[in-house]
Amino acid sequence: MPIQLLNIFKYLLIVLVWLFFIRVLRAVWVEARPQNSSIFVATPQGSPVAQRKRGKAKKSAKSGPEVSPKLTVASGGALVKGAEFTISESMTIGRGQGCNVPMPRDTFASSVHARIYQHSNGWYVDDLDSTNGTFVNGKKVAGSQIIVSGDRLQVGQTIFEVSL
């Protein structure tokens, strides 16, 4: 093998090692950054305010008007347990700033990881070609999957409970 070709391989290997090193440093940096708590403020489940909200939701469901569909953080990830996000007709979940449910500290979530949307016969979740996949009740989503109240939706390391 010519010496020039060996030199090219040597430099290519050095570049690949540096790219790997930079990627590891970036992952550590994202994980170690302080969390901006003003974004993720939520009322704890056991607080009197949360109990009043749940009581109002139950009353309004009985009296006629529909309760807003929402995602509640059940466990894991970088979001505060119990944080609630109102589900709109179409919304995205991911690390990106433009997402309706931002998860900037969850390194297992993609920039735009999943989409929840309403269709004529219910609510659906789509995995948007994420690296680690989206799961409903522990099963990986392939294509569009219908979701119902009580389902557990996993995006990255965060598990949401769906309330429709």
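Calculation rules
Residues numbered from 1 in each chain as written. Predicted model: local features only at pLDDT ≥ 70, side-chain atom pairs only at ≥ 80, totals over all residues. Heavy atoms only, no water. Helix = DSSP H or I, 4+ residues; strand = E, 2+ residues; numbered from the N terminus. Buried < 20%, exposed > 50% of the residue type's maximum accessible area, 1.4 Å probe, protein only. Contact = heavy atoms within 4.5 Å. Pairing = 2+ DSSP bridges.

**Focus on the overall build of the protein**
Working step 1: The number of helices and strands found in the protein is two helices and eleven strands.
Working step 2: Along the protein, helices (α) and strands (β) appear in the sequence α-α-β-β-β-β-β-β-β-β-β-β-β when read from the amino end.
Working step 3: Expressed as a percentage of the 164 residues in the protein, the buried residues total 30%.
Working step 4: Taking the contacts inside the protein whose residues are at least 6 apart along the sequence as the reference set, 39% of them involve residues at least 24 apart.

**A look at the sheet that holds strand 1 (residues 70-75)**
Working step 1: Pairing is antiparallel in the open sheet, where six strands are placed in the order 2-1-11-10-7-8. The open sheet terminates on both sides in strands that have one partner only, identified here as strand 2 (84-86) and strand 8 (139-140).
Working step 2: As paired elements, strand 1 and strand 2 share three bridges and run antiparallel to each other. Bridging across to strand 2, leucine 71 finds its partner in phenylalanine 85.

**Looking at the sheet that holds strand 6 (residues 122-127)**
Working step 1: Read across the sheet, five strands follow the order 4-3-5-6-9 without closing on themselves; strand pairing throughout is mixed. On the outer flanks of this sheet lie strand 4 (101-102) and strand 9 (144-147), each paired with one strand and no other.

**Quick notes on the pairing of strand 6**
Working step 1: Counting buried positions along strand 6 gives five out of six residues, so the element sits mostly inside the fold.
Working step 2: Both strand 5 (residues 114-119) and strand 6 contribute to a ladder of six bridges, which runs antiparallel. Paired with isoleucine 116 across the strands is valine 125, a residue of strand 6.
Working step 3: Where strand 5 folds back onto strand 6 in an antiparallel hairpin, the turn is made up of two residues.
Working step 4: Bridging between strand 6 and strand 9 involves four bridges; their strand directions are antiparallel. Each bridged residue has a counterpart across the sheet, and for valine 125 the counterpart in strand 9 is glutamine 145.

**Things to note about the environment of tryptophan 123**
Working step 1: Summarising the element assignment, tryptophan 123 is placed in strand 6.
Working step 2: For tryptophan 123, a relative accessible area of 11% puts it in the buried group.
Working step 3: A sequence separation of 24 residues divides tryptophan 123 from isoleucine 147, and the C-alpha atoms of the two residues are 5.6 Å apart.
Working step 4: Setting aside chain neighbours within four positions, we find tryptophan 123 in contact with Pro69, Ile87, Ser88, Glu89, Ile116, Tyr117, Gln118, Gln145, Ile146, Ile147 and Leu164.

Scope: geometric values only; no functional claims are made or implied.
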